[in-house]
Amino acid sequence: MTEFIAFGIEWLPTLLKGVPVTLSLWVIAITLGFFLGLILCWARVYGNKVSYWFSTVYVELFRGTPMLVQMFFIYLGLPHVGIVFDAFTAAVIAITLNSAAYQAEYFRGSVLSVPKGQLIAARACGMSQWQAIRHILLPQALRRVIPQWSNEAIIELKFTSIAYAIGVVEITSIAQDIGSRTLDFFLVFLWAGVIYLVLTSTVASLLRLLERRTYVPGVTTV
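None of these values were measured; they are calculated from a predicted model. (Residues numbered from 1 in each chain as written. Predicted model: local features only at pLDDT ≥ 70, side-chain atom pairs only at ≥ 80, totals over all residues. Heavy atoms only, no water.)

Here's the deal with the pattern of salt bridges
- Enumeration over the complete set of coordinates arrives at 4 salt bridges.
- Glu 105 serves as the salt-bridge partner of Arg 44, at 2.6 Å between the closest nitrogen and oxygen. With a gap of 61 residues between them, Arg 44 in helix α2 (residues 19–46) and Glu 105 in helix α5 (residues 87–113) connect regions that are remote in the sequence.
- On the accessibility criterion, Glu 105 (18% relative accessible area) is buried. (Salt bridge = Lys/Arg side-chain N within 4 Å of Asp/Glu carboxyl O. Helix = DSSP H or I, 4+ residues; strand = E, 2+ residues; numbered from the N terminus. Buried < 20%, exposed > 50% of the residue type's maximum accessible area, 1.4 Å probe, protein only.)

Structure representation (structure tokens):
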């Protein structure tokens, strides 16, 4: 048992070197995915027929194909038509585009859950459509979407591990390298899993705190 613990501690500093890359990849992708998801939601709910169909096709395309295939296409496929990205950028783009498709649907469900009568009443009080959306609809929609968005954020944090497949040196990549040299994949990936568990648990706790801070009694989430 002592050897087990000692071996884990021995490789832990090396594994932790991948944490900044993992978190950077996740923060950039989930943030960009958030804003792209809002745009796609807006296009589908309030846009014209062209934007509606574009958003619909986008969502179905990225939800219907594996993220690993999307990542390989961006990193290995696009160079054949002259579009080249480094591994980190390709991973950010793939996770962003994939995440945006899911976030768009979460936002759409949240927006549609706000009673239309509130917007009608706001317009009757003299607000423009944009003012009604900005001051009445968006605050409620964003508050209602937090539980679903929190789940998406945790999923995308775990999905950063896929980036090792195209050479991004993050936690999983480092674990794979250590395991290949030591042939002790059991212990190495056990500790890699512990690191991911700590990261996701921390993020989940922070998001639950945000949910409690923004909760309005009597208002249900989607």
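Focus: the nonpolar core
- Ranked by size, the top nonpolar core spans 26 residues in total, and within it Leu 15 and Ile 171 carry the most contacts.
- Looking at this core, the elements that each hand over two or more residues are α1 (2–16), α2, α5, α7 (129–159), α8 (171–182) and α9 (185–214).
- The element best represented in this core is α9, accounting for 9 residues.
- One finds Leu 25, Ala 90, Ala 91 and Ile 162 within the second-largest nonpolar core, a separate group that totals 16 residues. (Core = buried A, V, L, I, M, F, W, Y, C linked by side-chain atoms within 4.5 Å.)

Some details on the packing of aromatic side chains
- One pass over the full model with this rule turns up 7 aromatic pairs.
- When the ring of Trp 42 is compared with that of Tyr 46, the centres are 5.1 Å apart and the planes differ by 45°; the resulting orientation is tilted. Within this pair, Trp 42 and its partner Tyr 46 are both found in helix α2, separated by 4 residues, close to a single helical turn.
- Judged by centre distance (6.2 Å) and plane angle (15°), the rings of Phe 185 and Phe 189 are stacked. A residue pair is termed a helical-turn pair when its members lie 3 or 4 positions apart in one helix, as Phe 185 and Phe 189 do in helix α9 at 4 residues.
- Three or more aromatic residues joined by ring pairs form one cluster here, namely Phe 34, Phe 35, Phe 107 and Trp 149. (Phe/Tyr/Trp six-rings, centres within 6.5 Å; stacked < 30°, edge-to-face > 60°.)

A word on helix α4 (residues 67–77)
- Of all the residues in α4, the buried ones are Met 67, Gln 70, Met 71 and Ile 74. Viewed end-on, α4 has its buried residues packed into an arc of 100°, placing them on one side of the element. (Arc of directions from axis to C-beta.)

Observations concerning the side chain of Thr 200
- If you trace the backbone, Thr 200 turns up in helix α9.
- Apart from the residues within four sequence positions on either side, Thr 200 is in contact with Ile 154, Leu 157 and Lys 158. (Contact = heavy atoms within 4.5 Å.)

Points about the environment of Ile 95
- Mapping Ile 95 onto the fold places it in helix α5.
- The exposure class assigned to Ile 95 is buried, which follows from its relative accessible area of 1%.
- Along the sequence, Ile 95 and Gln 70 sit 25 residues apart, while their C-alpha atoms lie 8.8 Å from each other.
- Not counting the four nearest positions on each side in its chain, Ile 95 is found in contact with Leu 25, Ala 29, Met 67, Met 71, Glu 156, Phe 159 and Thr 160.

Points about the confidence of the model for the protein chain
- Residues of the protein chain with pLDDT of at least 70 account for 80%, and the chain-wide mean is 84.
- Highest mean pLDDT in the protein chain belongs to α4 (95); lowest belongs to helix α6 (residues 116–124) (65).
- Across residues 1–5, where pLDDT falls below 50, the model places 3 contacts with residues more than four positions away in sequence or in other chains. (pLDDT = per-residue confidence, 0-100.)

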